[in-house]
Amino acid sequence: MIIITTMTNLNKDFWKERYKTNQTGWDTGAITTPLKEYIDQLKDKNIKILIPGAGNSYEAEYFHKKGFTNVYVIDLVKAPLNNLLKRIPSFPKEKLIQGDFFELDKKFDLIIEQTFYCALQPKLRDQYVAKMAQLLHKNGKIAGLLFQFPLTEQGPPFGGSKEEYQKRFTKQFYIKTLQTAHNSIKPREGKELFAIFEKK
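Structural notes, computed from the coordinates. (Residues numbered from 1 in each chain as written. Predicted model: local features only at pLDDT ≥ 70, side-chain atom pairs only at ≥ 80, totals over all residues. Heavy atoms only, no water.)

**Concerning the side chain of Asn 70**
Move 1: Along the chain, Asn 70 turns up in the loop between α3 (58-65) and β2 (71-75).
Move 2: For Asn 70, the side chain forms a polar contact with the side chain of Lys 95, separated by 3.4 Å.
Move 3: The contact partners of Asn 70, leaving out residues within four places of it in the chain, are Lys 45, Asn 46, Ile 47, Lys 48, Ile 49 and Lys 95. (Helix = DSSP H or I, 4+ residues; strand = E, 2+ residues; numbered from the N terminus. Polar contact = N/O pair within 3.5 Å; in protein donor to acceptor, adjacent residues only side chain to side chain. Contact = heavy atoms within 4.5 Å.)

Okay, here's the thing in structure tokens:
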């Protein structure tokens, strides 16, 4: 289903309805390869990690199974957090936050980006970058996936480009990596950039 943003407010009710009616076409059913391989090379299992707009959060599940002890998940609606708990009952409930990412007041070492940026209305993109910088410790990192296809008024997801991301993030972040993902799942081949941005 295509949603025209000029007619739709992507608020809590919008996302609640998407889960209620199973309109979750973004859900891949498992952690995707680029993020799995990134997580596999992380050594410190005590770093404080945030997964915003996490959806069913297969990334949080994978972190948990790998023994990471300090992973937080935030989503605007309850359903995906409950879905994570059904799969992983031992996941710490106090680290599952139902709320607005833009109102979160904590500090993290790493934020995992799984196309959350592209699920937000484009008018919020500068606010997203500023909030990410606020949430990260100095030298903290954003790591994950951003879509690369033309930005239109239809979504979510909304598109973006390497040039846009470079321009938008460089004021507050060092661009460590921003390349077309070589190991995307088949439906997303060529449409994802793998990114690592380090807070200045």
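**With respect to the pattern of salt bridges**
Move 1: According to the stated counting rule, one finds eight salt bridges in the structure shown.
Move 2: For Glu 164, the salt bridge is made with Arg 168, and the minimal N-O distance between the two is 3.0 Å. Placement of the pair is Glu 164 and Arg 168 together in helix α6 (residues 162-169), with a separation of four residues, close to one helical turn.
Move 3: Among the residues examined, Glu 164 registers a relative accessible area of 15% and is labelled buried.
Move 4: Arg 168 sits in the partly exposed class, given a relative accessible area of 24%.
Move 5: Beyond isolated ion pairs, a larger network of salt bridges with shared partners links Arg 125, Asp 126, Glu 164 and Arg 168. (Salt bridge = Lys/Arg side-chain N within 4 Å of Asp/Glu carboxyl O. Buried < 20%, exposed > 50% of the residue type's maximum accessible area, 1.4 Å probe, protein only.)

**Some details on the packing of aromatic side chains**
Move 1: Counted under the stated rule, the structure contains 13 aromatic pairs.
Move 2: Centroid distance Phe 116 to Tyr 128: 6.1 Å. Interplanar angle 50 degrees. Geometry classified as tilted. Taken together, the residues span a long stretch of sequence, with Phe 116 in the loop between β4 (108-114) and α5 (125-135) and Tyr 128 in helix α5 at a distance of 12 residues. Accessibility assignment for this pair places Phe 116 and Tyr 128 in one class, buried.
Move 3: Grouped by ring-pair contacts, the aromatic residues Phe 101, Phe 102, Phe 116, Tyr 117, Tyr 128, Tyr 165, Phe 169, Phe 173 and Phe 197 constitute a single cluster.
Move 4: Here Lys 48 stacks its cationic end above the ring of Phe 108, 5.3 Å away from the centre of that ring. (Phe/Tyr/Trp six-rings, centres within 6.5 Å; stacked < 30°, edge-to-face > 60°. Lys NZ or Arg CZ within 6 Å of the ring centre and 35° of its normal.)

**Here we look at the sheet that holds strand β3 (residues 96-98)**
Move 1: As summarised here, the arrangement of the seven strands in space is β3-β2-β1-β4-β5-β7-β6, forming an open sheet in which the pairing is mixed. Edge positions in the sheet fall to β3 and β6 (173-180), since each has one partner strand and no second. Shown here is a sheet whose adjacent strand axes are inclined to one another by a mean of 15 degrees, direction ignored.
Move 2: In this sheet, strand β7 (residues 192-199) lies alongside strand β5 (residues 136-147) in antiparallel orientation, the contact comprising seven bridges. Note that in β7 the partner of Leu 146 across the bridge is Leu 193.
Move 3: Across the face of the sheet, α6 comes into contact with β5, β6 and β7 while running at roughly 170 degrees to β6. (Pairing = 2+ DSSP bridges. Axes fitted to C-alpha atoms, helices over the stretch in contact; angles between N-to-C directions.)

**Quick look at the pairing of β7**
Move 1: Summarising burial for β7: eight of the eight residues are buried, a large majority.
Move 2: Where β6 meets β7, seven bridges bridge the pair, whose relative direction is antiparallel. Residue Tyr 174 lies in a different strand from β7, and its bridge partner there is Glu 198.

**Observations concerning helix α4 (residues 79-87)**
Move 1: Those residues of α4 that sit buried are Pro 80, Leu 81, Leu 84 and Leu 85. Projected onto a plane normal to the axis of α4, the buried residues spread over an arc of 145 degrees and lie on a single side. (Arc of directions from axis to C-beta.)

**Digging into the pairing of β2**
Move 1: Of all the five residues making up β2, five are buried; the element is thus mostly covered by neighbouring parts of the structure.
Move 2: For strand β1 (residues 49-52) and β2, the ladder comprises four bridges, and the chain directions are parallel. Bridge pairing in β2 places Ile 51 opposite Val 73.
Move 3: Note that β2 and β3 share three bridges and pair parallel. Across the sheet, residue Asp 75 finds its bridge partner in β3, namely Gln 98.
Move 4: Taken together, β2, α4 and β3 constitute a β-α-β crossover, and its handedness is right-handed. (Right-handed = clockwise from strand over helix to strand, strands pointing away.)

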